[in-house]
Every structure is written in structure tokens, then in C-alpha cells.
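Reading the structure
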Amino acid sequence: MLPNGRSVLDTTVDPFRLFRYSSLLNMNSKDEQIVTTTCKIITLAQQQISSGDSLDDTNILSNEDSLKLASIITRKVWDRRFAVLETGNRFANQVLNVTITRLEQSDNLVPTQ
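Let us look at the structure shown here. (Residues numbered from 1 in each chain as written. Predicted model: local features only at pLDDT ≥ 70, side-chain atom pairs only at ≥ 80, totals over all residues. Heavy atoms only, no water.)

Across its full length, the protein chain carries four helices and zero strands. Along its sequence from the N terminus, the protein chain presents helices and strands in the succession α-α-α-α. For the protein chain, with 113 residues in total, the buried portion stands at 6%. As presented, the protein chain carries roughly 10300 Å² of accessible surface, and 61% of it is formed by carbon and sulfur atoms. (Helix = DSSP H or I, 4+ residues; strand = E, 2+ residues; numbered from the N terminus. Buried < 20%, exposed > 50% of the residue type's maximum accessible area, 1.4 Å probe, protein only. Areas by Shrake-Rupley, 256 points an atom, 1.4 Å probe, with all protein chains shown as cover.)

What follows deals with the layout of surface pockets. Of the volumes computed, that of the largest pocket is approximately 170 Å³. Along its surface, the largest pocket is lined by Asn28, Lys30, Asp31, Ile34, Val98, Thr101, Arg102 and Gln105. The set of elements that each furnish at least two residues to the lining of the largest pocket consists of helix H2 (29-51) and helix H4 (81-104). (1 Å grid on protein atoms, 1.4 Å probe; cavity = no way out; pocket = protein on both sides within 12 Å on 5 of 7 lines; lining within 4 Å. Points joined across faces, edges and corners; volume = space filled by probe spheres on them.)

Time to look at a nonpolar patch on the surface. A grouping of Leu9, Val13, Phe16, Leu18, Phe19, Leu24, Leu25 and Leu103 is seen on the molecular surface, where their side chains present a nonpolar patch of about 860 Å² in accessible area. Mapped onto the elements of the fold, Phe16 is located in the loop between helix H1 (8-13) and H2. On the basis of relative accessibility, which here comes to 67%, the residue Phe16 falls in the exposed class. (Patch = residues over 30% accessible without salt bridge, like charges linked within 9 Å, V, L, I, M, F, W, Y side chains within 5 Å. Salt bridge = Lys/Arg side-chain N within 4 Å of Asp/Glu carboxyl O.)

Counted by the stated rule, this structure contains two salt bridges. Asp31 is the partner of Arg102 in a salt bridge, and the nearest nitrogen-oxygen pair spans 2.8 Å. Note that Arg102 is positioned in helix H4 and Asp31 in helix H2, a separation of 71 residues in sequence.

Before going further, it helps to spend a moment on the side chain of Arg6. With respect to the helices, strands and loops of the structure, Arg6 is situated in the segment before H1. A distance of 3.4 Å separates a polar side-chain atom of Arg6 from the backbone oxygen of Pro15. Residues within four places of Arg6 in sequence aside, it is in contact with Met1, Thr11, Asp14, Pro15 and Arg17. (Polar contact = N/O pair within 3.5 Å; in protein donor to acceptor, adjacent residues only side chain to side chain. Contact = heavy atoms within 4.5 Å.)

Now for the environment of Thr12. Looking at the secondary structure, you find Thr12 in helix H1. Thr12 sits in the exposed class, given a relative accessible area of 59%. Within the structure, Thr12 has its side chain in polar contact with the backbone oxygen of Val8 (distance 2.8 Å).

The values are spatial; any link to function lies outside them.
Okay, here's the thing in C-alpha cells:
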């Protein structure tokens, strides 16, 4: 915290407090749901990893099989590189749509004081 009561991040992102009431920088219930759901997913993944079927350091695949598998996966990823790019573009589109929707919502009006 800085002496003026603002955090360093807050001062860096919005030094002149222009976006103080912007719905982009203030959490709403949907944001809280996303954070809660993400935390639950991470917790489940950690539990699955820690309590899942451990391999006890036994090698199921030989080195030769591991190389074959890596080669197959690499080929498949390379063949689908354009699909990965399209998925990235769709994700960016969704982020922009959510941003536009949040800006257009009526709850981003500056409160009167």
C-alpha cells in the first residue's frame, strides 16, 4: 500500500483514477463466480494429482515407446496448428465480446455522490 491508500497495481493500472467506476475494473457477481469456479477446478485437479493412481516411479513405456509417442503427439499438434490458431482467435473474440457487454451494461454508470 502506498501512503495515499492505493495499491501499486491500482496506481499503475489507473494512475489518474479515470476508470474508478468502470465495470471493467470492478468485480461483479459473475467475476466472483468465475473465481470461485476456477478455485474449485484447481482444488479438484490438485486432489486428483495427489491422490490419483500414482505410478510409483515405474516406467510403463520404454524409452523407444516414449520417443514414438512424443513423435506422434508432435506431428498431430503440427498438423492442427491452424486449428489452435483459430481457437486462440475465438477465445480473443469472446474476451472482446465480454468486455463490450460489460461496458454496455447500465451498471457501469458513475454513481452520484
